[in-house]
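Observations on the model geometry
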Amino acid sequence: MAHVHGDGTRMEPSLVKSAERAVRILETLAASPVKLNLSELQQRVGYPRSSLHALMRTLLELKWIEADEVRSAYGIGPHALLTGTAYLDKDPALPLAQETLEDLRAEIGRTVHFARRDDAHVLYLASRESREVHHVIPRVGRRLPAHVTALGQVLLAELTDDEVAALLPSPLSPITDNTIVDLAVLTAELDRVRTRGWAFEHEQGTPGVACVACAVDYRIPATDAISCSMPSDLPPGEVEKITEAVVRHTRKLSATLRREGIR
């Protein structure tokens, strides 16, 4: 967490520069939908070209990144997958969450997700796609801004208004025309989420898609949530049915995790 000087300027905690830069390179490559050449990468990370060259050679040698045949463009390498898979394999809550997703999808027939808040984002840890979906977009490992998703909003509602304001970037970035970008509007929405116990967003993250989410409250504050994605034009009765199922299955999972002593 950043500290603040008396004059109001922010002071980042002490980091090992080379380690931080290597991680930022990996995060930048992972976030890009296409491979990046050195100039594009340097523009995004802002590191000196000599330092960037040295770090790229090391990451290539260790297979954390990979290059095309002439080393003109770079992307994430296979050893990055090993670390991500190990994180999933070692999460004690994930097997039970996956069972819940299977049961929930079987009941409502819609695409469902299990995600964890990562500061001001949500990280997707498991998904079960609707069998009606023909073009599946892989979700596991994706990281989206918390304020644009029902998953993120239900987890932000676990925090105080002051904690939310300190956590989120300013200004809030829009993803669609319906994205909430005013902090006061978001704060009011989070109050409604706290009152009813679940979050609902309508085309805030993806045009044509609505989503309902409920927090898995086996930790305080809750870090995980389950959601269901659905067409944005479903009738209210169908949305209510889906919401009831999501809340019921999520609360059952929460009780199971607490009973098993998983934290």
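In what follows, the accompanying structure is described. (Residues numbered from 1 in each chain as written. Predicted model: local features only at pLDDT ≥ 70, side-chain atom pairs only at ≥ 80, totals over all residues. Heavy atoms only, no water.)

What follows is about the overall build of the protein. When its secondary structure is counted, the protein shows nine helices and 10 strands. A compact globule built from 263 residues should have a C-alpha radius of gyration of about 18 Å, and the protein, at 20 Å, falls within 12% of that. Reported as C-alpha extents along the three principal axes, the dimensions of the protein are approximately 60 × 50 × 40 Å. Residues counted as buried form 41% of the 263 residues belonging to the protein. Here the protein displays about 14,800 Å² of accessible surface, and carbon together with sulfur accounts for 54% of that area. Both charge centroids of the protein, one from 31 positive and one from 36 negative side chains, sit 5 Å from each other. (Helix = DSSP H or I, 4+ residues; strand = E, 2+ residues; numbered from the N terminus. Rg over C-alpha atoms; globule rule 2.2 N^0.38 Å. Buried < 20%, exposed > 50% of the residue type's maximum accessible area, 1.4 Å probe, protein only. Areas by Shrake-Rupley, 256 points an atom, 1.4 Å probe, with all protein chains shown as cover. Lys, Arg positive; Asp, Glu negative; His and termini not counted. Charge placed at Lys NZ, Arg CZ, Asp CG, Glu CD.)

One way to put it is that helix 5 (residues 94-108) packs onto helix 9 (residues 236-259) with a least axis distance of 10 Å and a crossing angle of 155 degrees. Viewed along their axes, helix 5 and helix 9 adopt a mutual orientation that is roughly antiparallel. You can see that helix 5 and helix 9 cross each other, and the crossing is right-handed. In this structure, helix 5 contributes L96, A97, T100, D103, L104, E107 and I108 to the contact, and helix 9 contributes I242, A245, V246, R248, H249, L253, T256 and L257. For the contact of helix 5 with helix 9, the residue count by class is nine nonpolar, three polar and three charged. (Axes fitted to C-alpha atoms, helices over the stretch in contact; angles between N-to-C directions. Parallel < 35°, antiparallel > 145°, perpendicular 65-115°, else oblique. Left-handed = near helix turned anticlockwise from the far one by under 90°. Contact = heavy atoms within 4.5 Å. Nonpolar A, V, L, I, M, F, W, Y, C, P; charged D, E, K, R; others polar.)

Turning our attention to the pattern of salt bridges. By the definition in use, this model includes 14 salt bridges. We note a salt bridge from R116 to D224, for which the minimum N-O separation is 2.6 Å. Residue R116 is found in strand 5 (residues 111-118), and its partner D224 is found in strand 10 (residues 224-231); the two are separated by 108 residues along the sequence. As a salt-bridge pair, D161 and R194 come within 3.3 Å of each other at their nearest N and O atoms. Of this pair, D161 sits in helix 7 (residues 161-167) while R194 sits in helix 8 (residues 183-196), and the two are 33 residues apart along the sequence. Overall, D161 belongs to the partly exposed group, its relative accessible area being 35%. For R194, a relative accessible area of 31% translates into the label partly exposed. Beyond isolated ion pairs, a larger network of salt bridges with shared partners links E20, R24 and E27. (Salt bridge = Lys/Arg side-chain N within 4 Å of Asp/Glu carboxyl O.)

Before going further, it helps to examine the sheet that holds strand 6 (residues 121-128). Working definition: the strands of a sheet are paired by backbone hydrogen bonds and lie parallel or antiparallel to each other. Strand order in the open sheet formed by six strands is 7-6-5-10-9-8, and the pairing between neighbours is antiparallel. This sheet does not close on itself; its edge strands, each paired only once, are strand 7 (143-145) and strand 8 (199-202). Ignoring strand direction, the axes of neighbouring strands in this sheet form an average angle of 30 degrees. Bridge analysis of strand 5 against strand 6 gives seven bridges, and the strand direction is antiparallel. From the neighbouring strand, R117 faces strand 6, where its bridge partner is V122. In the packing of helix 5 onto the sheet, the strands contacted are strand 5, strand 6 and strand 10, and the crossing angle to strand 6 comes to about 65 degrees. (Pairing = 2+ DSSP bridges.)

Right, let's talk about unusual backbone geometry for a bit. Across the junction of S170 and P171, the peptide omega takes the value 5 degrees, indicating a cis bond. Considering the arrangement of structural elements, one finds P171 in the loop between helix 7 and helix 8. Here the residue pair I220 and P221 is connected by a cis peptide bond, since its omega of -10 degrees sits within 30 degrees of zero. Secondary-structure assignment places P221 in the loop between strand 9 (209-216) and strand 10. Notably, D119 is not glycine yet its phi reads approximately 55 degrees, a positive angle. Here D119 lies in the loop between strand 5 and strand 6.

Moving on, we come to the pairing of strand 6. The buried fraction of strand 6 is high, at six of eight residues. In textbook terms, the turn of a hairpin is the stretch between consecutive antiparallel strands, and for strand 5 and strand 6 this stretch comprises two residues, one of which, D119, has a positive phi near 55 degrees. Where strand 6 lies against strand 7, three bridges are found, and the strand directions are antiparallel. By the bridge assignment for strand 7, V122 is matched with L144.

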